Amino acid sequence: MDKCYSVAKAVSGIDDRFLEEAENVQKQSKRLTLRPVFSLAACIVLVLGLTLLWPRPLKLTVNGKNLLRTAVSYSQDAAPMALRAVQTLDVPLTLNPGRGGSVTLTADLYSSLEAAGAETDTLTLTKKTSIVWHLLPDRSQEFYLTVTQADREYLLLAQPDDTGGVTIRRIYEP
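What counts and how
- Residues numbered from 1 in each chain as written.
- Predicted model: local features only at pLDDT ≥ 70, side-chain atom pairs only at ≥ 80, totals over all residues.
- Heavy atoms only, no water.
- Helix = DSSP H or I, 4+ residues; strand = E, 2+ residues; numbered from the N terminus.
- Buried < 20%, exposed > 50% of the residue type's maximum accessible area, 1.4 Å probe, protein only.
- Areas by Shrake-Rupley, 256 points an atom, 1.4 Å probe, with all protein chains shown as cover.
- Polar contact = N/O pair within 3.5 Å; in protein donor to acceptor, adjacent residues only side chain to side chain.
- Pairing = 2+ DSSP bridges.
- Patch = residues over 30% accessible without salt bridge, like charges linked within 9 Å, V, L, I, M, F, W, Y side chains within 5 Å.
- Salt bridge = Lys/Arg side-chain N within 4 Å of Asp/Glu carboxyl O.
- Contact = heavy atoms within 4.5 Å.
- pLDDT = per-residue confidence, 0-100.
- Axes fitted to C-alpha atoms, helices over the stretch in contact; angles between N-to-C directions.
- Core = buried A, V, L, I, M, F, W, Y, C linked by side-chain atoms within 4.5 Å.

Novice: What's the story with the overall build of the protein chain in this structure? I'm lost.
Specialist: Scanning the protein chain for helices and strands turns up three helices and 12 strands. Within the protein chain, the proportion of its 174 residues that are buried is 26%. Total accessible area on the protein chain stands at roughly 12,200 Å², and carbon and sulfur atoms take up 57% of it.

Listed below in structure tokens is the structure:
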């Protein structure tokens, strides 16, 4: 009986503020372990949501080089004398509108666009497509291609030279 009495006296003699403090520490430790998990989950959901909703940028390339970032030189595979006799210079373009919408290409009077065997001066695309921009160098020395996507517009300038090379540079983006 002596042991039971001393244990009961020891337990009943604990100050109430120590018991409340111990209870609060247990509640806080449970909250602290769940807070980082919820924060991480919220960050993952936010990043995935933005990735799916954010439109990918337009890409317009010649032989893997992005025309919308830098000037690009392109040469046809032929001797310079043979190229002077050719009626058109053909520039292969690969266009990827990215996610969210379509892109429209408009060639000037001295050039045309070809996709899937059909030739036109205006072309609207919604997926990655390879096209050919035909230039008629016997009629002009500068060629313009307007690329429009949503509220953005790019004006590309192509300048052929006597050796069959073409330099394409972006000259305008609002």
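Novice: Sorry, what's going on with the side chain of Ser112 here?
Specialist: With respect to the element layout, Ser112 can be found in strand S6 (residues 111–115). In terms of polar contacts, Ser112 uses its side chain to reach the side chain of Glu119, at 2.6 Å.

Novice: Where do I start with the sheet that holds S6 in this structure?
Specialist: One open sheet holds the six strands; their spatial order is S2-S1-S4-S9-S6-S7, and the pairing between them is antiparallel. For this open sheet the edge positions go to strand S2 (65–66) and strand S7 (118–120), each flanked by a neighbour on one side alone. Where S6 lies against S7, three bridges are found, and the strand directions are antiparallel. For Leu113, the partnering residue across the bridge sits in S7 and is Thr120.

Novice: Teacher, can you tell me more about a nonpolar patch on the surface here?
Specialist: A cluster of nonpolar side chains, namely Leu40, Ile44 and Leu48, defines an oily patch on the protein surface of about 300 Å² accessible area. One can find Ile44 in helix H2 (residues 16–53).

Novice: Before we go on, may I ask you to explain the environment of Thr104 in this structure?
Specialist: Assignment of secondary structure puts Thr104 in strand S5 (residues 103–107). The exposure class of Thr104 is partly exposed, given its relative accessible area of 23%. Remark: the alpha-carbon pair of Thr104 and Val147, spanning 43 residues in sequence, is separated by 5.8 Å. If we ignore the near neighbours within four places in the chain, the residues touching Thr104 are Thr122, Leu123, Thr124, Thr146, Val147 and Thr148. Among the polar contacts listed, one links the side chain of Thr104 to the side chain of Thr124, at a separation of 3.2 Å.

Novice: What's the story with the confidence of the model for the protein chain in this structure? I'm lost.
Specialist: Regions with low pLDDT carry predicted coordinates that are not meant to be interpreted in detail. Looking at the protein chain, the pLDDT average stands at 77 and 73% of residues meet or exceed 70. Contacts from residues 79–84, a stretch scored under 50 in pLDDT, to residues over four places away or in other chains number eight contacts.

Novice: Is there a simple way to explain the sheet that holds strand S10 (residues 143–149) in this structure?
Specialist: Strand pairs in the sheet, formed through backbone hydrogen bonds, run parallel or antiparallel to each other. Taken in spatial order, the six strands line up as S3-S12-S11-S10-S5-S8 in an open sheet, and their pairing is antiparallel. Since the sheet does not close on itself, it has two edges, and those belong to strand S3 (72–75) and strand S8 (122–125), each with one partner. Strand after strand, the sheet turns through a mean of 20 degrees between neighbouring axes, direction not considered. As paired elements, strand S11 (residues 152–160) and strand S12 (residues 165–172) share six bridges and run antiparallel to each other. Directly across from Gln159, in S12, lies its bridge partner Thr167.

Novice: What should I look at first to understand the side chain of Ser111 in this one?
Specialist: The topology assignment puts Ser111 in strand S6. Taking the relative accessible area as the measure of exposure, Ser111 reaches 7% and is therefore buried. Among the polar contacts listed, one links the side chain of Ser111 to the side chain of Trp133, at a separation of 3.0 Å. With near-sequence residues (within four places) excluded, Ser111 lies in contact with Trp133, His134, Leu135, Phe143 and Tyr144.

Novice: Would you explain the nonpolar core in this entry?
Specialist: The nonpolar side chains of soluble globular proteins are, as a tendency, buried together. Val91, Leu93, Leu105, Trp133, Leu145, Val147 and Ile168 are the most contacted members of the largest nonpolar core, which has 29 residues in total. If you tally residues by element for this core, the top one is strand S4 (residues 89–96), at four residues. Not counting residues up to four positions away in its chain, the partners in contact with Ile168 are Val62, Leu67, Thr70, Ala71, Val72, Val91, Trp133, Leu156, Leu157 and Ala158.

Novice: What is the right way to read the environment of Arg170 from this model?
Specialist: Its place among the elements puts Arg170 in strand S12. We classify Arg170 as partly exposed; its relative accessible area is 34%. Here the alpha-carbon distance between Arg170 and Arg69, two residues 101 residues apart in the chain, equals 7.9 Å. With residues up to four places along the chain from it excluded, the contact list for Arg170 reads Leu67, Leu68, Tyr154, Leu155 and Leu156.

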